[in-house]
Amino acid sequence: GQQVMQIPQYQHVQEGEDFTTYCNSSTTLSNIQWYKQRPGGHPVFLIQLVKSGEVKKQKRLTFQFGEAKKNSSLHITATQTTDVGTYFCAGKARETSGSRLTFGEGTQLTVNP
Amino acid sequence: DAGITQSPRHKVTETGTPVTLRCHQTENHRYMYWYRQDPGHGLRLIHYSYGVKDTDKGEVSDGYSVSRSKTEDFLLTLESATSSQTSVYFCAIRAGSSYEQYFGPGTRLTVT
């Protein structure tokens, strides 16, 4: 079945440093989504990418979808303590019917003030 | 968030007992999902529903059943709970024509 792998599993940064998490799918995706989960909370939708090579920005966050639609990345510039949490990617495989998503294992980000 | 509630929020139960978790939504969304979240595994799909009485299995459906007799409610049942089913369970809905999902607050289940 479809697999979505995310690296790194953990990332510790000093406040102000940049952070990047990478997501790789075993199959071509029709779209990819990113979610953020604060400690003790539930996943919250951040963004969806659909087009090959698409780049979207939300303030300090930059999301990219690979040309082959099999990988994606999330980059945070100048991290803040409010960025703490686990970031998940989730993809829908092109050949999958319905609306199932496969989630990556997540990258847990800690930010030292 | 998207009018999703889950009950109970916390539950401790013994091995072998049946357990039912409830997900309730107020906005008439067609698609509903049940996930479990365990350290190192991210979110794994248990079952999902694409309408009243229409359900399908996810990647970790063994030991779980679901029912959806009304649009607003999606029930997850552990027929005979095992310690391996200790987890945090999240319900989610799919919003509109996009594939984005919105999650409930979660249920922390401990099976002793």
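Overview of the structure. Note that the coordinates shown come from a computational prediction; the quantities given were computed from them, not determined experimentally.

1. Focus on the state of the cysteines
For step 1, the next point in the chain: Considering all chains together, one arrives at two disulfides over all chains under this definition.
For step 2, the next point in the chain: Here C23(A) connects covalently by a disulfide to C89(A), the sulfurs 2.0 Å from one another. Since a negative S-S torsion denotes a left-handed disulfide, the C23(A)-C89(A) link at about 75 degrees is right-handed. With a gap of 66 residues between them, C23(A) in strand β3 (residues 19-25) and C89(A) in strand β9 (residues 85-93) connect regions that are remote in the sequence. The same class applies to C23(A) as to C89(A), namely buried.
For step 3, the next point in the chain: Disulfide partner of C23(B): C91(B), at an S-S distance of 1.8 Å. As the torsion about the S-S bond is roughly -70 degrees, the C23(B)-C91(B) disulfide counts as left-handed. Taken together, the positions of C23(B) in strand β3 (residues 19-25) and C91(B) in strand β9 (residues 87-94) put the pair 68 residues apart, joining distant regions of the chain.
For step 4, the next point in the chain: When its relative accessible area of 0% is taken as the criterion, C91(B) is described as buried.

2. Side note on the environment of T28(A)
For step 1, the next point in the chain: Structurally, T28(A) can be placed in the loop between β3 and β4 (29-37).
For step 2, the next point in the chain: Excluding residues that lie within four positions of it along the chain, T28(A) makes contacts with A68(A), K69(A), K70(A), A93(A), R94(A) and E95(A).

3. Let's talk about the sheet that holds β3(B)
All names here are of chain B.
For step 1, the next point in the chain: Taken in spatial order, the four strands line up as β1-β3-β8-β7 in an open sheet, and their pairing is antiparallel. On the outer flanks of this sheet lie β1 (4-7) and β7 (64-70), each paired with one strand and no other. In this sheet, neighbouring strand axes are inclined to one another by 20 degrees on average, regardless of whether the strands run parallel or antiparallel.
For step 2, the next point in the chain: Judged from the five bridges that link them, β7 and strand β8 (residues 73-78) form a sheet pairing that is antiparallel. Its bridge partner being in β8, Y64 is matched across the sheet by L78.

4. Some words on the interface of chain B and chain A
Accessible area lost upon the coming together of the parts is a frequently used measure of interface size.
For step 1, the next point in the chain: Contacts between the two partners involve 24 residues from chain B and, on the opposite side, 19 residues from chain A.
For step 2, the next point in the chain: For the pair chain B and chain A, the summed buried surface comes to about 1700 Å²; carbon and sulfur atoms form 56% of the total.
For step 3, the next point in the chain: Taken together, chain B and chain A are joined by zero salt bridges.
For step 4, the next point in the chain: Taken together, chain B and chain A are joined by four residue pairs in polar contact (both at pLDDT 80 or more).
For step 5, the next point in the chain: If you list the elements that add at least two residues to the side of chain B that touches chain A, you get β4 (32-38), β5 (42-51), β9 and β10 (101-103) of chain B.
For step 6, the next point in the chain: If you tally residues by element for the side of chain B that touches chain A, the top one is β5(B), at four residues.

5. Focus on the side chain of Q6(A)
All names here are of chain A.
For step 1, the next point in the chain: The residue Q6 is located in strand β1 (residues 4-7) in this model.
For step 2, the next point in the chain: For Q6, the side chain forms a polar contact with the main-chain nitrogen of C89, separated by 3.3 Å.
For step 3, the next point in the chain: Other than its neighbours up to four places away in sequence, Q6 contacts T21, Y22, C23, W34, Y87, F88, C89, G104, E105, G106 and T107.

6. Comments concerning the sheet that holds strand β8 (residues 71-76) of chain A
Residue and element names in this part refer to chain A.
For step 1, the next point in the chain: An order of β1-β3-β8-β7-β6 is seen for the five strands of this open sheet, with the pairing classed as antiparallel. The open sheet has two free edges, formed respectively by β1 and β6 (55-58), since each of these has just one partner strand. Between one strand axis and the next, the sheet turns by 15 degrees as a mean value, whatever way the strands run.
For step 2, the next point in the chain: As paired elements, β6 and strand β7 (residues 61-65) share four bridges and run antiparallel to each other. In the sheet register, V55 faces β7, and the bridge partner there is Q64.

7. With respect to the pattern of salt bridges
Residue and element names in this part refer to chain B.
For step 1, the next point in the chain: Under the counting rule described, the total for this entry stands at six salt bridges over all chains.
For step 2, the next point in the chain: In this structure, R22 engages D73 in a salt bridge whose closest nitrogen and oxygen atoms are separated by 3.1 Å. Placement of R22 in strand β3 and of D73 in strand β8 is noted, with a sequence separation of 51 residues between them.
For step 3, the next point in the chain: The residue D38 makes a salt bridge to R44 at a minimum N-O spacing of 2.9 Å.
For step 4, the next point in the chain: The class for D38 is buried, based on a relative accessible area of 11%.

Cut-off values and rules
Residues numbered from 1 in each chain as written. Chains lettered and ligands numbered in written order. Predicted model: local features only at pLDDT ≥ 70, side-chain atom pairs only at ≥ 80, totals over all residues. Heavy atoms only, no water. Disulfide = S-S within 2.5 Å. Helix = DSSP H or I, 4+ residues; strand = E, 2+ residues; numbered from the N terminus. Buried < 20%, exposed > 50% of the residue type's maximum accessible area, 1.4 Å probe, protein only. Contact = heavy atoms within 4.5 Å. Pairing = 2+ DSSP bridges. Axes fitted to C-alpha atoms, helices over the stretch in contact; angles between N-to-C directions. Buried area = accessible area lost by both parts, 1.4 Å probe. Salt bridge = Lys/Arg side-chain N within 4 Å of Asp/Glu carboxyl O. Polar contact = N/O pair within 3.5 Å; in protein donor to acceptor, adjacent residues only side chain to side chain.

Shape is all these values report; function is a separate question.
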